[in-house]
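Close look at the chain arrangement
Take a look at the letters that make up each chain.
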Amino acid sequence: MYWRRRVFVLGIAFALVFVTARLLTAGSDARSGDQPAAEQVGGRADGQVGVEPTDSTDSTGEQGAGADGSGATAPTEPVTPALAEPQGECDPADVVVTPSVAEGAVAGRDVPVTLTLQTRESPACTWQVNASTVVVKVARDSGDVWTTRQCPQALADQPVVVRQAVTTTVQVIWAEARESTDGCTRRAGWVKPGTFTVAAAALGGEPAHADFALGAPAPETIQVTPKAKHTKKAEKPKTPTN
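First, a word on scope: everything that follows refers to the structure included in this document. Each chain carries its own residue numbering, running from 1 in the direction its sequence is written. Totals for whole chains, interfaces and linings use all residues, but because this is a predicted model, local features are given only for residues with pLDDT of at least 70 and pairs of side-chain atoms are given and counted only at 80 or more. Hydrogens are left out, water is left out, and the side-chain values use all remaining heavy atoms of the structure.

Quick word on the sheet that holds strand β9 (residues 208–214)
A strand pair is defined by DSSP finding two or more bridges across the two strands. Helix numbering and strand numbering both begin at the N terminus, where a helix is a DSSP run of H or I of at least 4 residues and a strand a DSSP run of E of at least 2. Spatially, four strands are ordered β5-β4-β8-β9 in an open sheet, and the strand pairing comes out antiparallel. Both outer strands of the open sheet, β5 (143–147) and β9, are each paired with one neighbouring strand and no more. For this sheet, the mean inter-axis angle between neighbouring strands, taken without regard to orientation, is 30 degrees. Here four bridges tie strand β4 (residues 134–140) to β5, and the two strands are oriented antiparallel to one another. Within β5, the position partnered with valine 138 by the bridge is tryptophan 146. Structural elements are reduced to axes, namely lines fitted to C-alpha atoms, with helices fitted over the stretch in contact, and the angle between N-to-C directions of any two is expressed from 0 to 180 degrees.

So, in structure tokens, the structure goes:
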């Protein structure tokens with residue numbers, strides 16, 4: 001009897017020890033399960049940290065075309081090409097002189113003649129414009145009515161740069177649209193309205209022509225203000241004195 005009781009007590013003690021050991025083992029497993037497992041950030045297999053693209057960057061990490069990320073490009077200013085520097089004096093045969101007269105020219109008034117200068121081959125060169133290097137004449141019905149040979153003062157002596165890429169302009173004045181004479185005297189008469197041809201050329205170059213018209217001058221309107229008439233006051237009758 002005593003042996004059975006002792007065996008029973010030992011069995012209870014062994015059961016308590018077994019249960020306590022199981023509880024301790026389970027607590028240790030629970031604590032180890034609370035630790036988070038390591039995982040990759042951004043889904044990168046190489047272990048590097050991935051970056052999510054923002055609104056201003058694309059999937060390649062490049063920023064948009066516009067400074068504000070809107071994709072709009074800033075307007076660019078046009079670049080003016082540099083002009084060629086003159087290299088020596090122009091060959092007169094290389095200079096093309098093209099004359100023209102603007103619409104609205106009137107007979108009896110100064111007529112501006114524009115000369116457009118441009119080189120054929122030289123990129124840029126210097127040239128002296130005067131009556132010895134350029135000839136300008138106005139003709140009507142195959143007859144010359146005015147020329148700078150007779151009126152050289154119409155071509156002012158001036159240095160210019162003539163280029164191939166751009167044109168240079170010089171102005172000549174046909175004074176009062178008068179016919180020219182030797183010495184360019186003012187005794188020559190005025191030409192009548194009509195159609196004329198202007199020709200110009202560098203000495204040694206090919207001449208160029210252009211047609212233009214001279215209109216009739218508008219008659220001047222003279223306004224006369226009538227003078228106010230002064231009326232005489234009626235004289236009072238004289239009364240005889242006694």
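There's more to say after this.
Observations regarding the sheet that holds strand β7 (residues 168–174)
Taking strand neighbours across the sheet as the criterion, the three strands line up as β1-β2-β7 in an open arrangement whose pairing is antiparallel. On the outer flanks of this sheet lie β1 (95–100) and β7, each paired with one strand and no other. On average, each strand axis in the sheet is tilted by 25 degrees relative to the strand beside it, whichever way the strands run. Note that strand β2 (residues 111–119) and β7 share seven bridges and pair antiparallel.

With respect to the packing of aromatic side chains
Ring geometry is summarised as follows: Phe, Tyr and Trp rings, the Trp one being its six-membered ring, pair when their centres sit within 6.5 Å, and such pairs are stacked at plane angles under 30 degrees, edge-to-face over 60 and tilted between the two. Applying the stated rule across the entire model yields three aromatic pairs. Considering the side-chain rings of tryptophan 174 and phenylalanine 196, the 6.1 Å spacing of their centres and the 75 degrees angle between planes classify their relative orientation as edge-to-face. Remark: phenylalanine 196 occurs in strand β8 (residues 194–202) and tryptophan 174 occurs in strand β7; sequence separation between them is 22 residues. Remark: exposure states derive from per-residue accessible area (1.4 Å probe, protein chains only) relative to the maximum for the residue type, with buried under 20%, exposed over 50%, and partly exposed in between. For phenylalanine 196, a relative accessible area of 1% translates into the label buried.

Considerations on the state of the cysteines
Sulfur atoms of two cysteines make up a disulfide when they are within 2.5 Å. One pass over the full model with this rule turns up two disulfides. Residue pairing for cysteine 90: its cysteine sulfur links by disulfide to cysteine 125, the two sulfurs lying 1.9 Å apart. Taking the sign of the torsion about the S-S bond as the criterion, the disulfide between cysteine 90 and cysteine 125, at about 100 degrees, is right-handed. With cysteine 90 in the loop between α1 (2–33) and β1 and cysteine 125 in strand β3 (residues 124–129), this residue pair connects regions lying 35 residues apart in the sequence. Cysteine 151 shares a disulfide with cysteine 184; S-S distance 2.0 Å. Since a negative S-S torsion denotes a left-handed disulfide, the cysteine 151-cysteine 184 link at about 95 degrees is right-handed. Of this pair, cysteine 151 sits in the loop between β5 and β6 (158–163) while cysteine 184 sits in the loop between β7 and β8, and the two are 33 residues apart along the sequence. Counting its disulfide-bonded cysteines in sequence order, the protein shows a connectivity of 1-2, 3-4.

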